[in-house]
Amino acid sequence: MRRFKKILCVVEPDKNSEAALAHAAQIASDHQADVTVASVLRISGAVHAFFQDKNERVTGLAQSADSKRSAIEKWVEQHEPKLRADVQIYTGIGFIEVVRSVIENQYDLVIKCADDMEWLDRLFGSDDMHLLRKCPCPVLILKPGKSSAFRNVLATVDVKDDLFESEDGRVQEELNRKVLEYSVVFSVSESSDMHIGSAWDAYAEDFMRYGAFSQVPDEKVDQYVGQIRRECEERLESLVDEMTESVGKDAVEYVRPMTHLVKGVPSKEIPLMVKEHDVDLVVMGTVARTGIPGYIIGNTAEAILEQVQCSVLAIKPDGFKSPVTLGR
């Protein structure tokens, strides 16, 4: 079973980050992982204008960073006194510095509370979306105030037939496996109910049934659609079998995953599944290709993330290359 070794917890103590710290402490305890608590000191144009001398600017920023580090150390001690965490202050643009730190220090999990987006319908702010798109390791974005255990975890997988004859399909298969393994890890750790969800459709079904120039008999279309459904069911069953072999029978029997295969468009059906099963953590793959910096998130994942109002664990496939570089 996958384990976390190095966790990066991104906080802003004045912006309801207690949930991120609480989950980092719990996961660290379960996995015997090291935790770094980090915060970003943003540099605005006003700072450069105020400190016209470069040496004064460097000194002023260092003093500000020291002050913020001290405040966060006290905040961590107040909320998680048993947690032994290193505290780091990054200077610059938030998501860029976080991704750079992940690459440089090989963190295997980033935890952060969602930005306060109450004035929008969506939960995730722009920095959160940048992290979900560009961070190479798993990213757990928590719904603000979500400090308790997850009750229902939904692992979203893609078993559609149109992927599996291509390179993208092989990447998707591996991503499906990772999504399921991480879902088991969180479900076991938090004693959650685990759901596995996928949506499928039959390519060109509407055209064959209702197209002005289509002459395909309904019986033949029904056979075609039924065959696609059976293939998707078989792929889902195969994924569950592979998950059992990978994480162990005992773990799978403990979480007793419930599978949901529905006909429809994933960007519509997955958010409906989240509501129907009262899901408070969605585990999903957020990229379909590797090795191409900048090709960072699929349209389906983007559409789902825009709709859900729960916490999200976003997974990248092996070999993903972030468009963020270490160069300063």
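In what follows, the accompanying structure is described. (Residues numbered from 1 in each chain as written. Predicted model: local features only at pLDDT ≥ 70, side-chain atom pairs only at ≥ 80, totals over all residues. Heavy atoms only, no water.)

### Notes on the environment of Ser 148
Part 1 of the reasoning: For Ser 148, the position within the fold is in the loop between strand E5 (139-142) and strand E6 (152-156).
Part 2 of the reasoning: With residues up to four places along the chain from it excluded, the contact list for Ser 148 reads His 23 and Glu 190. (Helix = DSSP H or I, 4+ residues; strand = E, 2+ residues; numbered from the N terminus. Contact = heavy atoms within 4.5 Å.)

### Side note on the environment of His 79
Part 1 of the reasoning: Within the secondary structure, His 79 is located in helix H3 (residues 54-79).
Part 2 of the reasoning: Given a relative accessible area of 31%, His 79 falls into the partly exposed group.
Part 3 of the reasoning: Note: C-alpha distance between His 79 and Leu 21 (58 residues apart in sequence) is 8.0 Å.
Part 4 of the reasoning: With residues near it in sequence (within four places) discarded, His 79 still touches Glu 18 and Leu 21. (Buried < 20%, exposed > 50% of the residue type's maximum accessible area, 1.4 Å probe, protein only.)

### Focus on unusual backbone geometry
Part 1 of the reasoning: A positive phi angle is found at Gln 32, which is not glycine, with a value near 55 degrees.
Part 2 of the reasoning: Of note, Gln 32 is situated in the loop between helix H1 (18-31) and strand E2 (34-41).
Part 3 of the reasoning: Using a relative accessible area of 61% as the deciding quantity, one classes Gln 32 as exposed.

### Quick look at the nonpolar core
Part 1 of the reasoning: Ile 7, Val 37, Ile 111, Leu 140, Met 243 and Leu 313 are the most contacted members of the largest nonpolar core, which totals 61 residues.
Part 2 of the reasoning: For this core, the element with the most residues is helix H8 (residues 218-247), which contributes nine residues.
Part 3 of the reasoning: Discounting chain neighbours no more than four positions away, the residues touching Met 243 are Leu 180, Val 184, Met 194, Ile 196, Gly 248, Val 252 and Pro 257.
Part 4 of the reasoning: Counting 34 residues, the second-largest nonpolar core is a separate cluster that includes Ala 38, Ala 114, Met 129 and Cys 135. (Core = buried A, V, L, I, M, F, W, Y, C linked by side-chain atoms within 4.5 Å.)

### Points about H8
Part 1 of the reasoning: When the terminal C-alpha atoms of H8 are compared, their 43 Å separation across 30 residues agrees well with the 44 Å that a helix rising 1.5 Å per residue should span.
Part 2 of the reasoning: Here H8 has its buried residues at Val 221, Val 225, Gly 226, Ile 228, Cys 232, Leu 236, Leu 239, Val 240, Met 243 and Val 247.
Part 3 of the reasoning: Directly after H8, the chain includes Gly 248, whose backbone phi takes a positive value near 105 degrees. (Expected span 1.5 Å × (residues − 1).)

### Considerations on the packing of helix H10 (residues 266-276) against helix H11 (residues 299-307)
Part 1 of the reasoning: Their axes nearest at 9 Å, the elements H10 and H11 cross at an angle of 35 degrees. Considering how the two elements wind past one another, H10 and H11 form a crossing that is right-handed. For the pair H10 and H11, the contacting residues are Pro 266, Ser 267, Ile 270 and Pro 271 in the first and Thr 300, Ala 303, Ile 304 and Gln 307 in the second.
Part 2 of the reasoning: When the residues that make up the contact of H10 with H11 are grouped by side-chain class, the tally is five nonpolar, three polar and no charged. (Axes fitted to C-alpha atoms, helices over the stretch in contact; angles between N-to-C directions. Left-handed = near helix turned anticlockwise from the far one by under 90°. Nonpolar A, V, L, I, M, F, W, Y, C, P; charged D, E, K, R; others polar.)

### Digging into the pattern of salt bridges
Part 1 of the reasoning: In this structure the tally under the stated criterion is 17 salt bridges.
Part 2 of the reasoning: A salt bridge links Asp 115 to Lys 112; the shortest N-O distance between them is 2.8 Å.
Part 3 of the reasoning: Of the residues examined, Asp 115 reaches a relative accessible area of 25% and is grouped as partly exposed.
Part 4 of the reasoning: What makes Lys 112 buried here is its relative accessible area of 10%. (Salt bridge = Lys/Arg side-chain N within 4 Å of Asp/Glu carboxyl O.)

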